[in-house]
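This is what each chain is made of:
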Amino acid sequence: MKKKKITAVVCAVLALAVVSGALIYESNITLDIDKFTVSSPDIPGQFDSYNIVQLSDIHNVDYKKFKEDFFESVKSCDPDVIFITGDIVSSYPPSCENSIEIISRLTGISDVYFVSGNHEAWEDEQYGKMREAFKRYGVRELENESVFLEKDGGKINLIGIIDPELFGGMDKRRAFIERTMTGLVRDDMYNIMLFHRPEYFDEICASGVQLAFTGHAHGGQFILPFIGGVIAPGQGLFPEYTEGIYTSDKTQMVVSRGIGQSMFPFRINNSPEIVSVTLKSEKN
């Protein structure tokens, strides 16, 4: 009888290990496309049904590992523009070769805009290689500046803020964001902000932008049923901002789960993600 119980326990443990292994494996090779609609009376009528694809935290991922074709997945969203919100290079180990190939093909699909993340702040050499590739392939990098997205005579103000990793502690970073955003937000326009870190949602809201795109949280890395993400850089255990859209007053913030890996080499119940946002003008 005792031997049967031991056998049953061993079988249960093995079964759990197999199921867990399969879940981890699927979570890292399945590429999700998550679609959202953002509506506002401030969105110009010309931008009604305008499609934005957001990619974040690419971390030099080997895009060939996905079950789905990465570039066909992006194309299927019919993007008018592609935003990359930081951490395109990897620090574990320092590398960027796959990311260079990725942007070389993305720019054949649509215009691409980029803002830096903390890994760009850490990896000068890899970031330098990426910046050369940006120039070669026509990626527009935004560094504490704004440009206009234009369509049929309508304009949206697009703002890009660099990652504040090198500016010191939280208070200094907040001050940097507040200082940098001054003068970039247009009261007479719809403003979109590209920024790496969602944990500064209060500062993003205070700036007056209507829509922000962020990443960095990796979806909380390990997503538990009924609980959500377990850990995120900049937010610690059980982070508040991990994926989807968050709203406060007139500001909405999109948080991408990202594409690649970083310090943790795997995800659990948290597939890499392409975010697709369609703008809806309430003027129409």
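These numbers come from a predicted model, not from an experiment.

## Examining the sheet that holds strand β10 (residues 191–194)
Spatially, the six strands line up as an open sheet ordered β8-β9-β10-β11-β17-β16, and their pairing is mixed. Every interior strand has two partners, whereas the edge strands, β8 (145–151) and β16 (244–248), have only one. Here the average twist between neighbouring strands, direction ignored, is 20°. The pairing of β8 with strand β9 (residues 154–160) spans seven bridges and is antiparallel. Residue Glu145 lies in a different strand from β9, and its bridge partner there is Gly160.

## A few points about helix α3 (residues 97–106)
Considered for burial, the residues of α3 that qualify are Ser99, Ile100, Ile102, Ile103 and Leu106. For α3, the angular spread of buried residues about the axis comes to 160°, placing them on one side. In this structure, the buried side of α3 is in contact with β2 (50–55), α2 (70–76), β3 (81–85), β6 (111–115) and α5 (124–137).

## Things to note about the side chain of Asn157
Assignment of secondary structure puts Asn157 in strand β9. Within the local environment of Asn157, its side chain forms a polar contact with the backbone oxygen of Leu184, the two atoms lying 2.7 Å apart. Among residues more than four places away in sequence, those in contact with Asn157 are Ser146, Val147, Phe148, Leu184, Val185, Arg186, Met189, Tyr190, Asn191 and Ile192.

## A few points about the side chain of Thr251
Mapped onto the elements, Thr251 comes out in strand β17 (residues 251–255). Of the residues examined, Thr251 reaches a relative accessible area of 3% and is grouped as buried. Among the polar contacts listed, one links the side chain of Thr251 to the backbone oxygen of Val209, at a separation of 2.8 Å. Beyond its immediate sequence surroundings of up to four residues, Thr251 is in contact with Phe201, Ile204, Cys205, Val209, Gln210 and Tyr246.

## Topic: the packing of aromatic side chains
Here the structure, examined in full by the defined rule, presents twelve aromatic pairs. Considering the side-chain rings of Phe83 and Tyr113, the 6.3 Å spacing of their centres and the 75° angle between planes classify their relative orientation as edge-to-face. You can see Phe83 sitting in strand β3 and its partner Tyr113 sitting in strand β6, a full 30 residues away along the chain. Residue Phe83 is classed as buried on the basis of its relative accessible area of 0%. Among the aromatic residues, those joined into a ring-pair cluster are Tyr63, Phe66, Phe70 and Phe71.

## Regarding unusual backbone geometry
Leaving glycine aside, a negative phi is the common case for residues, and trans is the common case for peptide bonds. A cis amide bond links Tyr92 to the next residue, Pro93, at an omega of -5°. Considering the arrangement of structural elements, one finds Pro93 in the loop between β4 (90–91) and β5 (94–95). Located in the positive-phi region is Asp57, a residue other than glycine, with phi close to 50°. Within the secondary structure, Asp57 sits in the loop between β2 and α2. Among the residues examined, Asp57 registers a relative accessible area of 0% and is labelled buried. For Asp87, which is not a glycine, the phi torsion comes out positive at approximately 55°. Note that Asp87 resides in the loop between β3 and β4.

## A word on the pairing of β2
Burial within β2 is extensive, with six of its six residues counted as buried. What you see with β2 is no split at all: Tyr50, Ile52 and Gln54 on one side and Asn51, Val53 and Leu55 on the other are buried throughout. Here five bridges tie β2 to strand β18 (residues 273–281), and the two strands are oriented antiparallel to one another. Within the sheet, the bridge partner assigned to Gln54 lies in β18 and is Val275. Relative to β3, β2 runs parallel, the two being bridged by four bridges. When the bridges of β3 are listed, Val53 appears paired with Ile82.

## Comments concerning the sheet that holds strand β7 (residues 140–141)
The sheet built from six strands is open, its strands ordered β1-β18-β2-β3-β6-β7 with mixed pairing. Only two strands of the sheet have a single neighbouring strand rather than two, namely β1 (32–40) and β7. Sheet topology note: the β1/β18 ladder contains nine bridges and is parallel. Bridge assignment links Lys35 to a residue of β18, and that residue is Ser276.

Thresholds, definitions, all that
- Residues numbered from 1 in each chain as written.
- Predicted model: local features only at pLDDT ≥ 70, side-chain atom pairs only at ≥ 80, totals over all residues.
- Heavy atoms only, no water.
- Pairing = 2+ DSSP bridges.
- Helix = DSSP H or I, 4+ residues; strand = E, 2+ residues; numbered from the N terminus.
- Axes fitted to C-alpha atoms, helices over the stretch in contact; angles between N-to-C directions.
- Buried < 20%, exposed > 50% of the residue type's maximum accessible area, 1.4 Å probe, protein only.
- Arc of directions from axis to C-beta.
- Contact = heavy atoms within 4.5 Å.
- Polar contact = N/O pair within 3.5 Å; in protein donor to acceptor, adjacent residues only side chain to side chain.
- Phe/Tyr/Trp six-rings, centres within 6.5 Å; stacked < 30°, edge-to-face > 60°.

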